Amino acid sequence: MSTWIVTANGSAVPVLAALAADSVSALVVGSAQAAQAAAEGPVAEVVWIEPEPNTPPEAYAPAAAKAAASAAPEVVIAENTPEGRALAGAVAVALGAAVVPGASAWHTDDGVTRVEYARHGGIVEEVLDVAGPVVVLRDAVGDPPAPTAAAPIRKVPAQGLAATVVDEAQAPTESVDLTAAKTVIGVGRGLKAEADLALIEELAKALRGEIGCTRPLAEGVTWLSKSRYIGMSGATIAPTLYLAIGISGQLQHMAGVRGAKRIVAVNTDDAAPVFAEADYGIVGDLYAIVPAIAAALGT
Ligand SMILES: Cc1cc2nc3c(=O)[nH]c(=O)nc-3n(C[C@H](O)[C@H](O)[C@H](O)COP(=O)(O)OP(=O)(O)OC[C@H]3O[C@@H](n4cnc5c(N)ncnc54)[C@H](O)[C@@H]3O)c2cc1C
């Protein structure tokens, strides 16, 4: 069986190569330093595509696909980054391969690769048999193995797509450590408008708490920053008090608040799942209840 690693990040190669049971080659779309970092991993060869200045690695996806297809690997490990996913897609098309995200383990036997991978944000582990080539997407996390003798680097001349980076600016981000807060007021889609966050801010002030939210408020409407969303794919918190306001209580959210000592929920729907996990529940309209609590606290 032959395995290829496809990445724009050379230092990911040693970590990813350590996951493979057999001999591995790496395809790196990046700088000379990236190719050298890759060659320090336990790989037989590094195939290197060097992008032109100001051209993103994604522009070389067709070239990477062509190089990978000529080697016809059975398994391609692509790094789970925006660049890695772009390269993985093109390679998968060229190989006619299935793509499996969230792969945790795999092995090939007699042309069939058995892949274990996570679904539904990690709630379910599924095992898949893929006949034919497969591209597994994988985060390069873990300690790299001890550097080996440098593998040979073979540069492949390649033409990228006509894409040029013309500007780059750091996005303004707010960083909040919800894990340190004793009181967290979580708000969800029960809130009708961004301006209504003022109500939640009043309550947070009265309780000296931090505001948290469900994923749709941070990643959907983006009324709050990503550092404020709680749950399986967001922060895991353990405050003394968690107030869930206008939050239905889907398990992906509740997975992040189960360490709270007390959960109080406010929801108009008395059948909302959040009430099953709350110590106290108030069935009612947050637009009436939140100002009433704030007033009772003397704000
Ligand atoms: C792979 C995956 C990972 C995910 N990870 C996360 C995660 O980490 N964190 C997360 O939060 N979500 C996550 N989600 C999304 C999650 O499944 C839910 O969709 C989300 O948590 C729902 O957010 P919500 O409770 O704000 O909205 P909704 O489910 O729409 O609930 C809104 C609630 O507000 C109530 N309401 C409406 N009006 C009022 C009012 N006036 N007063 C009081 N209550 C009112 C409604 O009755 C309803 O219960 C993930 C989903 C997937 C598929």
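Higher on the page you've got the structure.
Residues numbered from 1 in each chain as written. Predicted model: local features only at pLDDT ≥ 70, side-chain atom pairs only at ≥ 80, totals over all residues. Heavy atoms only, no water.

Attention now moves to the packing of helix α5 (residues 197–207) against helix α9 (residues 286–296). Between α5 and α9, whose axes approach to 9 Å, the crossing angle comes to 30°. The angle between α5 and α9 places the two elements in the roughly parallel class. Relative to α9, α5 is oriented so that their crossing is left-handed. Contacts between α5 and α9 involve L199, I200 and L203 from the first element and Y287, V290, P291, I293 and A294 from the second. Looking at side-chain class alone, the contact of α5 with α9 contains 8 nonpolar, no polar and no charged residues. (Axes fitted to C-alpha atoms, helices over the stretch in contact; angles between N-to-C directions. Helix = DSSP H or I, 4+ residues; strand = E, 2+ residues; numbered from the N terminus. Parallel < 35°, antiparallel > 145°, perpendicular 65-115°, else oblique. Left-handed = near helix turned anticlockwise from the far one by under 90°. Contact = heavy atoms within 4.5 Å. Nonpolar A, V, L, I, M, F, W, Y, C, P; charged D, E, K, R; others polar.)

Before going further, it helps to examine the sheet that holds strand β7 (residues 112–119). Ordered in space as β6-β7-β8, the 3 strands form an open sheet in which the pairing is antiparallel. With one partner strand each, in any of the chains shown, β6 (103–109) and β8 (124–131) form the two edges of the open sheet. Strand-to-strand twist in this sheet, taken as the mean axis angle between neighbours without regard to direction, amounts to 20°. Of the pairings in the sheet, the one linking β7 to β8 comprises 8 bridges and is antiparallel in character. When the sheet's bridge partners are listed, A118 is paired in β8 with E125. (Pairing = 2+ DSSP bridges.)

The biggest cluster of nonpolar side chains holds 27 residues, and the ones touching the most others in it are I5, V43, V46, I77, V115 and V136. Among the secondary structure elements, those contributing two or more residues to this core are α1 (12–17), β2 (24–29), α2 (32–39), β3 (45–49), β4 (75–79), β6, β7 and β9 (134–138). V43 has contacts with V13, A17, V24, A26, A38 and A151, leaving out every residue within four places of it along the chain. Within the second largest apolar cluster, 24 residues are counted, among which are W4, I49, A67 and L95. (Core = buried A, V, L, I, M, F, W, Y, C linked by side-chain atoms within 4.5 Å. Buried < 20%, exposed > 50% of the residue type's maximum accessible area, 1.4 Å probe, protein only.)

Once that is clear, we can look at the site of the ligand. Around the ligand, a shell composed of 28 residues is seen, among which R189, T214, S233, S248 and N267 lie nearest. K192 has a polar side-chain atom sitting 2.9 Å from a nitrogen atom of the ligand. Coverage of the ligand by the protein amounts to 78% of the 990 Å² it exposes when considered alone. Elements that contribute at least two residues to the shell around the ligand include exactly α6 (215–220), α7 (251–254) and α9. Residues that form the shell around the ligand fall into these classes: 7 nonpolar, 16 polar and 5 charged. (Near = heavy atom within 4 Å. Polar contact = N/O pair within 3.5 Å; in protein donor to acceptor, adjacent residues only side chain to side chain. Areas by Shrake-Rupley, 256 points an atom, 1.4 Å probe, with all protein chains shown as cover.)

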